[in-house]
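What follows is each chain in one-letter form.
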Amino acid sequence: MNEKAERLRQARINAGYRFASDAANALGIVASTYRAHENGQNEFDFAEAKIYARKFNVDPVWLMGDPAGAETGEPIPIPKPAEVDLPNAEVGAKVVGKGKKIPVFGQAVGGVDGEFLMNGTVLDEVLAPPILSDISGAYAVSISGDSMSPRYEDGEVCFVDPSRRVRKGDYVIAQIRLEEGGAPLAYVKKFIRHNSSELVLEQFNPQKELRFEAHTVHSVHYIALAGNA
């Protein structure tokens with residue numbers, strides 16, 4: 001260990017840092033970099049000496065090994081911390097209101113493919129999630145059965161955005177009117193395609209495609225998110 005390294009070690013110990021790693025943490029530098037300076041493996045320059053000297057309260061000239069420098073323990077001026085403005089954040093007023101509620105449609109028991117009558121019967125009302133709070137006509141549906149498991153489980157609530165354009169791969173609720181004048185059946189499925197001749201949806205459990213003639217399709221709406229309401 002050279003003289004500079006030994007002086008650095010002494011200054012660190014005298015400053016109350018038992019281990020080199022403690023000093024490195026206090027300095028905000030990598031421990032291996034500091035150790036290399038203290039054990040003489042790497043030299044440190046005057047700019048680095050000033051940083052060490054400020055933290056260990058010694059003279060940087062003395063750390064560099066200049067015999068004309070001050071002795072260990074001689075205090076040097078420590079810069080005052082920069083003045084920081086007082087926090088100006090304020091606690092706002094309590095938010096008032098319960099938010100927008102939307103209806104939940106569905107049935108306690110669904111059909112073979114999880115379908116249910118979309119006849120306007122409301123099971124419940126729930127708070128709209130933020131992404132639907134400003135959407136006119138937003139609603140929710142309750143999943144019946146496990147036809148879309150594991151994506152959607154029985155009893156989950158799907159939140160629907162009727163204004164968003166549906167694309168391939170989206171999850172949707174499709175309303176199909178099989179009888180003229182009858183209530184539409186609602187299906188929660190994965191969207192494949194919809195053209196002038198047919199609507200094609202994908203079901204997971206059991207795996208299959210559902211096809212409906214285009215003239216029976218009442219609506220196909222985008223499912224924005226789902227979960228337990």
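These numbers come from a predicted model, not from an experiment.

Enquirer: Please explain helix α3 (residues 31-38) as it appears in this structure.
Expert: Think of an α-helix as turning once every 3.6 residues; residues three or four places apart then point the same way. Residues Tyr34, Ala36, His37 and Glu38 constitute the buried set of α3. On the buried face of α3, the contacting elements are α1 (3-14), α2 (20-27) and α4 (46-56). Positive backbone phi, approximately 85 degrees, marks Gly40, located one or two places after α3.

Enquirer: Can you walk me through the packing of α2 against α3 in this structure?
Expert: The geometry of a pair of packed helices is captured by two quantities: the angle between their axes and the separation between those axes. Following both chains from N to C, one finds α2 and α3 inclined at 120 degrees, their axes separated by 9 Å at the closest point. Judged by the angle between their axes, α2 and α3 are oblique. Read as a crossing pair, α2 and α3 show a hand that is right-handed. Listed contacts from α3 to Ala20, Ser21, Ala23, Ala24 and Leu27 of α2 are Ala31, Tyr34, Arg35 and Glu38. Looking at the contact of α2 with α3 residue by residue, the class counts come to six nonpolar, one polar and two charged.

Enquirer: Got a minute to help me understand the nonpolar core in this structure?
Expert: Core analysis: the largest hydrophobic core is formed by 16 residues, its most contacted members being Leu8, Ala11, Tyr34, Tyr52, Phe56, Val58 and Leu63. The residues contacting Leu63, other than those within four sequence positions of it, are Lys4, Arg7, Leu8, Ala11, Phe44, Ala49, Tyr52, Ala53 and Val58. Tyr139, Val141, Ile143 and Met148 belong to the second largest nonpolar core, which has 15 residues in total.

Rules used in this analysis
The residue numbers shown here count from 1 along each chain, following its written sequence. pLDDT decides what is reported in this predicted model: residues at 70 or higher carry local features, side-chain atom pairs at 80 or more are listed and counted, and totals for whole chains, interfaces and linings draw on all residues regardless. By convention in this description, side-chain values take in all heavy atoms of the structure and omit both hydrogens and water. Exposure classes here rest on a 1.4 Å probe applied to the protein chains alone. A residue is buried below 20% of its type maximum, exposed above 50%, and partly exposed in between. Under the scheme used here, helices are H or I runs from DSSP no shorter than 4 residues and strands are E runs no shorter than 2 residues, and both carry numbers assigned from the N terminus. In this description, contact between two residues means that some pair of their heavy atoms is separated by no more than 4.5 Å. Angles shown run from 0 to 180 degrees and are taken between the N-to-C directions of axes, each axis being a line fitted to C-alpha atoms and, for helices, limited to the stretch in contact. If an angle is under 35 degrees, it is roughly parallel; if it is over 145, roughly antiparallel; if it lies from 65 to 115, roughly perpendicular; otherwise it is oblique. When the near helix sits turned anticlockwise from the far one by under a right angle, the crossing is termed left-handed; a clockwise turn instead gives a right-handed crossing. Residue polarity follows a fixed list, in which Ala, Val, Leu, Ile, Met, Phe, Trp, Tyr, Cys and Pro are nonpolar, Asp, Glu, Lys and Arg are charged, and the others, Gly among them, are polar. Only buried Ala, Val, Leu, Ile, Met, Phe, Trp, Tyr and Cys residues count toward a nonpolar core, and they belong to the same one when joined by side-chain atoms within 4.5 Å.

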